[in-house]
Amino acid sequence: MKRSKFPGLGALFFLVAMSASAAEPLAQEAAQAMERATRFFRTEVAVRGGYLWNYKSDFTLREGELPAPATAVWVQPPGTPGVGLVLLEAYAATGNRYFLEGAVAAAEALVWGQLASGGWDSRIDFDTERSKAWYFRRDLLAGDTTKGRRRNSSLLDDNMTQSALLLLMRVDRTLEFKQPAIHAAVLAGLKALLEVQYPNGAWPQHFEVAPDPAKYPVRPARYPATWSREFPRAKYYDYYTFNDGCMTDTMATMIEAHRIYGDERYLAAARRLGDFILLAQMPEPQPAWAQQYNSEMEPAWARKFEPPAVTGGETRDVLRALLDLHRATGDTRYLKPIPGALAWVKRSLLPDGRLARFYELKTNRPLYFTKAYELTYDDSDVPTHYSFKSAGSWVAGVEKTYERALAGKRDEPKPSAPNAMQVRAVIDALDARGRWVEQGRLRVPEEPSKFMAAEIISCATFNRNLSLLAHYVKAQQAELGVQP
C-alpha cells in the first residue's frame, strides 16, 4: 500500500474499498460516488485547492458572492472552507486519504490568503498582480511591515474568518498538529480574535487592530432616546454585531478551539461573549436582541435597510448560541435570558406563523422597507434582495433543547441517517464525469445586480450531497461494527 504523505496516519486508516467491502452494496456505491465527485471537483473545479460558489457547467462563468476570475477562490461558505470541511467528513467516514488530501489543499489555500491582521477577506485571488491589493500574513513574516494601501481588514460577517479557522483547526488536529504552516496559521488567527474582542466580550464585523478599551465602555443594552427614521450613513464596522452570525459564529469557533487545543483562553473568550449576550438583551417590553449595537449599547443603523430594531432572526441565533455555551460550560447563567426571549418571540409571531426581521423599538410593530428604501409598517413593496420575514418554526426546537438543558441533559440528540431512497437519488444524479449539474442562475458579469439562467455546478450542492453520502456510509459501518 502506498505510504501516506501525512505523518503518523498511514497505519490508522483503511482504504475506502476495504472499509466499504463489509457494508451493503449501496454503501459501496455511495463511497465510490463520493470519490468520483471529489475527483472531478479537485481536478476540474479547484484553483490551488480552493473553491468559489457556483460555476457555469462549461466554466465560462464563475462566482462567489460576486462574479470572479478564474484565479480566485471564496472564503465564505459554501466556498473553500465549506468544501474542505465536507472533505474531512468524507475522510472520517471512509478512511480514503484522497478526501484528506483535498481538505489539506483547501487549508493550504487559506493559509496562503491569511491577512496580516490574522483573519480573512471574502476572497483570495492567486493572480500575481491582483493579489498585491492585499496585505498578507506571509508578507509580514517575510519582513514587509508597511501596509500602505493594501487591504488588511479581516471579516467576521457571513462566517468568513470563523469558517476558515474551523477548517484549519480540524485539519490541524487530523494531521496530529504536525504541519507547521497550518498550525501556525491557526494560532495566529485565534490570537487575533482574542486581541480584538471588546472589553464587554463582543466582537465587531471587521477588524484590523485591537480596540481602544476607553472607547467601548461596559454597560447594558438600552433604548435610544430618539432614533432617525432615515438612513444616517454612519460607519458601523466596529459595532457590536450579531447580524450574519458575526458573534455567534465566533463563539462556536472559540468553543471548538478549546475542544481541539485545550487552551482555556478560548473558552474564556466564549464565556465573555456569553456575558455580553446577557448585557445585550433588551429590557422589557422586548427582551430580545438587536442586529447591532453602537458603543452606547443602543440598537443602531447599519446598512440602509437595517434600522435600529429588535430582530427575530438574530434572537433565534443568540438563543441557540446560549444553549451551545451552556452545553460547553454547564453554566446555568446562560439559560436565564431564554424564557423571557421565547415569550417575546411567541407574542411577536405574525398571523402566518412567521417572524418579521425587524420590530420597532418599544412598540414592537413589524418594520419593513419599500423598494425605495423608505421605512414603513407595510410589507407590500419590500426589496427582494433581503429577507424581511423568516420562519417561526424553530421556536419549538429551541424550547425543547432549553427544557433538556434545565433537566441537566447537555448532550445533543444525534440526527437520523439518510435513507436509501435519498442516497440512491444523489448517486443517480451524478453524471458520467462525476458532476452534479443543475439548473440555476449566475450573476451577469457586466451587471452583477442582475441574474441569468444557466446550467451550473454548485459548491452548496456538492457539499450537501457529499455530506449525505458520507453520513450514510458511516451509519452503515456503525451498524456492522466496521471502522474506517
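Attention in this report is confined to the structure presented alongside it. Quick caveat: nothing in here was measured; it's all calculated off a predicted structure. (Residues numbered from 1 in each chain as written. Predicted model: local features only at pLDDT ≥ 70, side-chain atom pairs only at ≥ 80, totals over all residues. Heavy atoms only, no water.)

## Considering the packing of helix α2 (residues 25-45) against helix α14 (residues 459-480)
Argument step 1. Relative orientation of the contacting elements α2 and α14 amounts to 150°, with a least axis distance of 9 Å. The angle between the axes of α2 and α14 places the two elements in the roughly antiparallel class. For α2 against α14, the interelement crossing comes out left-handed. Where α2 approaches α14, its residues L26, A27, A30, A31, A33, M34, A37, T38 and F41 are matched on the opposing element by C459, F462, L466, L469, A470, Y472, V473 and Q476.
Argument step 2. Here the contact of α2 with α14 is built from residues that sort into 15 nonpolar, 2 polar and no charged. (Axes fitted to C-alpha atoms, helices over the stretch in contact; angles between N-to-C directions. Helix = DSSP H or I, 4+ residues; strand = E, 2+ residues; numbered from the N terminus. Parallel < 35°, antiparallel > 145°, perpendicular 65-115°, else oblique. Left-handed = near helix turned anticlockwise from the far one by under 90°. Contact = heavy atoms within 4.5 Å. Nonpolar A, V, L, I, M, F, W, Y, C, P; charged D, E, K, R; others polar.)

## Here's the deal with unusual backbone geometry
Argument step 1. The omega angle of the peptide bond from P77 to P78 is 15°, so this bond is cis rather than trans.
Argument step 2. For P78, the position within the fold is in the loop between β3 (72-74) and α3 (80-94).
Argument step 3. A cis amide bond links E284 to the next residue, P285, at an omega of 15°.
Argument step 4. Residue E176 is not a glycine yet carries a positive backbone phi of 60°.
Argument step 5. Along the chain, E176 falls in the loop between α6 (160-174) and α7 (180-196).
Argument step 6. A positive phi angle, close to 60°, is found at R233, a residue other than glycine.
Argument step 7. Within the element layout of this structure, R233 appears in the loop between β6 (206-207) and β7 (240-241).
Argument step 8. For R233, a relative accessible area of 70% corresponds to the exposed category. (Buried < 20%, exposed > 50% of the residue type's maximum accessible area, 1.4 Å probe, protein only.)

## Observations concerning the pattern of salt bridges
Argument step 1. Scanning the model with the defined rule gives 34 salt bridges in all.
Argument step 2. As a salt-bridge pair, E101 and R42 come within 3.7 Å of each other at their nearest N and O atoms. Here R42 lies in helix α2 and E101 lies in helix α4 (residues 97-113), a separation of 59 residues in the sequence.
Argument step 3. Relative accessible area serves as the criterion here: at 26%, E101 is assigned to the partly exposed category.
Argument step 4. When its relative accessible area of 24% is taken as the criterion, R42 is described as partly exposed. (Salt bridge = Lys/Arg side-chain N within 4 Å of Asp/Glu carboxyl O.)

## Here we look at the packing of helix α11 (residues 338-348) against helix α12 (residues 394-406)
Argument step 1. Two elements in contact, α11 and α12, have axes separated by 11 Å at closest approach and are oriented at 160°. Accordingly, the angle class assigned to the pair α11 and α12 is roughly antiparallel. Crossing angle aside, the handedness with which α11 passes α12 is left-handed. Judged by residue contacts, I338, P339, L342, V345 and K346 of α11 engage W394, V395, V398, E399 and Y402 from α12.
Argument step 2. Partitioning the contact of α11 with α12 into residue classes produces 8 nonpolar, no polar and 2 charged.

## Some points on the environment of K235
Argument step 1. With respect to the secondary-structure elements, K235 resides in the loop between β6 and β7.
Argument step 2. C-alpha separation for the pair K235 and W74, spaced 161 residues apart in sequence, amounts to 25 Å.

## With respect to α14
Argument step 1. Look at α14: 32 Å from first C-alpha to last across 22 residues, which is about the 32 Å you get at 1.5 Å a residue.
Argument step 2. Those residues of α14 lying buried are C459, T461, F462, N463, N465, L466, L469, A470, Y472, V473, Q476 and Q477.
Argument step 3. Between the side-chain oxygen at the start of α14 and the backbone nitrogen of A460 there is a gap of 3.1 Å, and the oxygen is on S458. (Expected span 1.5 Å × (residues − 1). Polar contact = N/O pair within 3.5 Å; in protein donor to acceptor, adjacent residues only side chain to side chain.)

## Observations regarding the environment of L442
Argument step 1. When you line up the elements, L442 lands in strand β15 (residues 437-444).
Argument step 2. When its relative accessible area of 1% is taken as the criterion, L442 is described as buried.
Argument step 3. Remark: the alpha-carbon pair of L442 and R272, spanning 170 residues in sequence, is separated by 41 Å.
Argument step 4. Apart from residues no more than four positions distant in its own chain, L442 is found in contact with N54, Y55, K56, L61, E63, K450, F451, M452, A454 and I456.

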